[in-house]
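Here are the chains, one letter per residue:
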Amino acid sequence: MKITKPLNLGLAALAGLAFACGGGEKSTETTTTPAVESTPAEPAQEMSLEEKYKDDPIYIKGLAKLKTSDCTTCHMVERKIVGPSYADVAAKYESTEENIEKLAQKVIEGGVGVWGEVPMPPHPTLSMEDAKDMVAYVLLLK
Ligand code: HEC
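On a predicted model such as this, the values are computed, not experimentally measured, just so you know.

**Student:** Can you help me understand the site of the ligand in this one?
**Tutor:** Among the 27 residues in the neighbourhood of the ligand, the closest are listed as Cys71, Cys74, His75, Lys106 and Met120. Val114 is positioned with one of its backbone polar atoms (N or O) 3.0 Å from an oxygen atom of the ligand. Elements with a contribution of two residues or more to the shell around the ligand: helix H4 (71-74) and helix H6 (97-109). Looking at which element gives the most residues to the shell around the ligand, the answer is H6, with three residues. Here the residues of the shell around the ligand sort into 18 nonpolar, seven polar and two charged.

Dropping the structure here:
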């Protein structure tokens, strides 16, 4: 016994065939809906912290001093490596005279336990003034 498809179904099958050419299959059951790609709106490109503060005198002075020491071996501005990123440190401490002094002391003496198990080695040859300029630069990066 033969089943005759209604005309509209036949047309739908034909439309399907136009897409599915070369399949070699008798069945007409596949209806492929093309995946709709939703492109999420691009977040506005934020300025890097380096870019944001590059003209600030605290930034310029602190960075110049940082470059004379070994800080960059363990710290990056926006990425944690051995030590926390400067941006993370800046987010944790307000840039007050008290915090700058406390952290400068820590850079000179070294320390561990605030960010994890890895210690920061001491920097005994650093003067308090230089250490404070470095820390002021770090705390600016927010
Ligand atoms: C050998 C790797 C290393 C070097 C070199 C290094 N640091 Fe660190 N630093 C660390 C680690 C690890 C910590 C996290 C210490 C902790 O958890 O208490 C840290 C923490 C800090 C903090 C945050 C301290 C706190 O208590 O939150 C500051 C500020 C800092 N470093 C600045 C500097 C400066 C400035 C220099 C260069 C004079 C420097 N570091 C050199 C590894 C290093």
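There is more to say after this.
**Student:** Would you mind showing me how to read a nonpolar patch on the surface here?
**Tutor:** Together, Met76, Ile81, Val82 and Val118 make up an exposed nonpolar region whose accessible area comes to about 300 Å². Here Val82 lies in the loop between H4 and helix H5 (86-92). Given a relative accessible area of 45%, Val82 falls into the partly exposed group.

**Student:** Would you take a moment to explain the coordination of the iron atom of the ligand for this structure?
**Tutor:** The expected angle between donors at a tetrahedral four-coordinate metal is 109.5 degrees. At an octahedral six-coordinate metal it is 90 or 180 degrees. For the iron atom of the ligand, the full set of protein donor atoms is His75 (NE2) and Met120 (SD), and the range of their distances to it is 2.0 to 2.1 Å. When its relative accessible area of 14% is taken as the criterion, His75 is described as buried. Overall, the relative accessible area of 23% leaves Met120 in the partly exposed class.

**Student:** Explain the UniProt feature "binding site: heme c" (unreviewed entry) in the chain to me, please; I cannot follow it from the model alone.
**Tutor:** In the numbering used here, UniProt assigns the feature "binding site: heme c" (unreviewed entry) to Cys71, His75 and Met120. Over a stretch of 50 residues, the named residues converge on one spot in the fold, their C-alpha atoms separated by at most 10.5 Å. With respect to the element layout, Cys71 can be found in helix H4. Judged by its relative accessible area of 11%, Cys71 falls in the buried class. Residues within four places of Cys71 in sequence aside, it is in contact with Leu66, Tyr86 and Met134.

Quick notes on the rules
Residues numbered from 1 in each chain as written. Predicted model: local features only at pLDDT ≥ 70, side-chain atom pairs only at ≥ 80, totals over all residues. Heavy atoms only, no water. Near = heavy atom within 4 Å. Polar contact = N/O pair within 3.5 Å; in protein donor to acceptor, adjacent residues only side chain to side chain. Helix = DSSP H or I, 4+ residues; strand = E, 2+ residues; numbered from the N terminus. Nonpolar A, V, L, I, M, F, W, Y, C, P; charged D, E, K, R; others polar. Patch = residues over 30% accessible without salt bridge, like charges linked within 9 Å, V, L, I, M, F, W, Y side chains within 5 Å. Areas by Shrake-Rupley, 256 points an atom, 1.4 Å probe, with all protein chains shown as cover. Salt bridge = Lys/Arg side-chain N within 4 Å of Asp/Glu carboxyl O. Buried < 20%, exposed > 50% of the residue type's maximum accessible area, 1.4 Å probe, protein only. Donors = N, O, S within 2.8 Å, 3.2 Å for Na, K, Ca; no water. UniProt positions renumbered as here; feature names shortened; annotations may be inferred. Contact = heavy atoms within 4.5 Å.

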